[in-house]
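# Architecture and fold: a report
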Amino acid sequence: MDRRQVLGKLGLFDRLFHKLTWSAAVLVLLLLGGVIVSLIQGSLPAIRAFGFGFLSSQSWNPVTEKFGAMAPVYGTVVTSLIAMLVAVPVGIGVAVFLTELCPPPLRRPIGMAIELLAGIPSIIYGIWGLFVLAPFLQQYVQPALISTFADTPVLSTLFAGPPYGIGVLTAGLILGVMVLPFVASISRDVFETVPPVLKEAASGVGCTTWEVVRYVVMPYTRVGVIGGVMLGLGRALGETMAVTFVIGNAHKISGSLIAPGTTISATIANEFTEAVGDIYTSSLIELGLILFVITFVVLACARLLLMRIEQRAGA
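Given the structure is predicted, the values throughout are model-derived calculations rather than measurements. Here, residues in each chain are numbered from 1, in the same order as that chain's written sequence. Only residues with pLDDT of at least 70 get local features here, since the model is predicted, and only at 80 or more are side-chain atom pairs given and counted; chain-wide, interface and lining totals rely on the full set of residues. Excluded from the side-chain calculations are hydrogens and water; all other atoms, namely the structure's heavy atoms, are used.

### Some remarks on unusual backbone geometry
- A positive phi is found at Glu65, a non-glycine position, where the angle reads about 55°.
- With respect to the helices and strands, Glu65 occurs in the loop between β1 (60-61) and β2 (66-67). Here a helix means four or more residues in a row that DSSP labels H or I, a strand means two or more in a row labelled E, and each is numbered from the N terminus.

Pasting the structure below:
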């Protein structure tokens, strides 16, 4: 086989590879477009019936066919914020410990244990939350919070009411445990990409471990850490089964974090099989469309933030 034939064969393989990867990229876009079109088409009856009032109403009455998305949207946002408040500091702390402080023989077992948390099915988290975490919170934590903050402005409202055990706070804590391994694993991986020479140089001029992490490791890896946090937030926004078990599934907005509530995913999971009538079904589909939009906006904002950070680093 002469040189021309070899080059022609290589060129053929290269063109086939280009077409294959291009087709895969287009297929992803088509699937995404199909999902968007299906959600919009299914939501049209509810959009025509309620308009923008669907977003501002917390009414949810299948009998009178009056539906509103405010309570599920509120529950989704609040539980996700609670989850990130729990998972981000703990996850980053675990990553710092594994990369900077943990004895070498323990790094692999602890790292594997954290990764195993990500593999536990969400329904297992839900069962654990319902039968273990919720009774513990009801008996010990929530009464203490109610009595401690009873005379404190704002906090007395956040922790008001009877200790049910289940509620928005419980759902947020469950989500925090579920999101924790994603934040910790990604943070650990990006921390390990820091060149050892940078940390050695900082230690050589007298920096403590805390100063090395603050002034060397975190600035070098902040883009990856933010990406891991956003990945965890995306998981928290869309989680269904674990939240359904422990949130109480009440279609109302309460100022108290220990009161029952609901989320978009929990509402769809609970009621889709029981939906009778076009408006009822369409309202649930519109909830799915709203969740899609919320997730898209969050990820888009995260991407813009990462781009600005990269531009500043390049400047």
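### Observations regarding the side chain of Thr244
- Mapping Thr244 onto the fold places it in helix α10 (residues 241-246).
- Exposed residues in this analysis have more than 50% of their type's maximum accessible area, buried residues have under 20%, and partly exposed residues fall in between, with area computed by a 1.4 Å probe over protein chains only. Of the residues examined, Thr244 reaches a relative accessible area of 12% and is grouped as buried.
- Polar side-chain contacts of Thr244 include one of 2.7 Å to the backbone oxygen of Thr240.
- Not counting residues up to four positions away in its chain, the partners in contact with Thr244 are Asn249, Ala266, Ala269 and Asn270. What qualifies as a polar contact is a pair of N or O atoms within 3.5 Å, subject to a donor-acceptor requirement within protein and to the restriction that residues adjacent in sequence count only when both atoms come from side chains. Contacts are assigned to residue pairs that have any heavy atoms within 4.5 Å of one another.

### Some remarks on the packing of helix α8 (residues 196-204) against helix α9 (residues 209-238)
- Axis definition: a line fit to C-alpha positions, over the contact stretch in the case of helices; interaxial angles, taken between N-to-C directions, run 0 to 180 degrees. Close contact between α8 and α9 brings their axes to 10 Å; oriented N to C, the two are set at 160°. If you check the angle between α8 and α9, you find them roughly antiparallel. The way α8 lies across α9 gives a crossing that is right-handed. Across the interface between the two elements, Leu198, Lys199, Ala202 and Ser203 from α8 touch Val212, Val216, Val217 and Tyr220 from α9.
- Polar here means any residue outside two lists: the nonpolar Ala, Val, Leu, Ile, Met, Phe, Trp, Tyr, Cys and Pro, and the charged Asp, Glu, Lys and Arg; Gly therefore counts as polar. Residues of the contact of α8 with α9, tallied by class, amount to six nonpolar, one polar and one charged. By definition in this entry, angles of less than 35 degrees are roughly parallel, angles greater than 145 are roughly antiparallel, angles of 65 to 115 are roughly perpendicular, and the rest are oblique. Note on convention: the crossing is left-handed when the near helix lies turned anticlockwise from the far helix by less than a right angle, right-handed when the turn is clockwise.

### Comments concerning a nonpolar patch on the surface
- Among the surface-exposed residues, Ile123, Ile124, Ile127, Trp128, Phe131, Val132 and Met241 lie close enough to one another that they form a single nonpolar patch of about 620 Å² accessible area.
- Among the elements that make up the nonpolar patch, the one with the highest residue count is helix α5 (residues 122-148) (six residues).
- For Met241, the position within the fold is in helix α10.
- Residue class for Met241 comes out partly exposed when judged on its relative accessible area of 32%. Exposure above 30% relative accessible area and no salt bridge define the residues that can form patches, which grow by joining like charges within 9 Å and nonpolar side chains of Val, Leu, Ile, Met, Phe, Trp and Tyr within 5 Å. To be clear on the numbers: accessible area is Shrake-Rupley with a 1.4 Å probe, and residue cover counts the displayed protein chains and nothing else. We define a salt bridge as a contact between a side-chain nitrogen of Lys or Arg and a carboxyl oxygen of Asp or Glu at a distance within 4 Å.

### Regarding the environment of Leu130
- Mapping Leu130 onto the fold places it in helix α5.
- In the structure, Leu130 is positioned 179 residues away from Ile309 in sequence and 41 Å away in space, judged by C-alpha atoms.
- Leave out the neighbours within four places in its chain, and Leu130 touches Pro135, Ile166, Phe245 and Val246.

### A few points about the packing of aromatic side chains
- Stacked, tilted and edge-to-face pairs are distinguished by plane angle, under 30 degrees for stacked and over 60 for edge-to-face with tilted covering the rest, among Phe, Tyr and Trp rings (Trp via its six-membered ring) whose centres lie within 6.5 Å. Within this structure, the stated rule accounts for six aromatic pairs.
- Here Trp60 and Phe67 contribute two aromatic rings whose centre-to-centre distance is 4.8 Å and whose plane-to-plane angle is 70°, an arrangement assigned as edge-to-face.
- Residue Phe67 is classed as buried on the basis of its relative accessible area, which comes to 3%.
- Taking 5.4 Å as the distance between ring centres and 45° as the angle between the ring planes, the aromatic pair formed by Phe136 and Tyr140 counts as tilted. With Phe136 and Tyr140 both in helix α5 and four residues apart, this pair spans about one turn of that helix.
- On the basis of relative accessibility, which here comes to 44%, the residue Phe136 falls in the partly exposed class.
- Among the aromatic residues, those joined into a ring-pair cluster are Phe50, Phe54, Trp60, Phe67 and Tyr280.

### Focus on the environment of Ser254
- Inspection of the secondary structure puts Ser254 in the loop between α10 and α11 (264-271).
- Residue Ser254 is classed as partly exposed on the basis of its relative accessible area of 22%.
- It is 19 Å that separates the C-alpha atoms of Ser254 and Ala134, two residues lying 120 residues apart in sequence.
- Setting aside its immediate chain neighbours within four residues, Ser254 contacts Tyr74 and Ala259.
- Side-chain polar atoms of Ser254 contact the backbone nitrogen of Ser256, separated by 3.2 Å.

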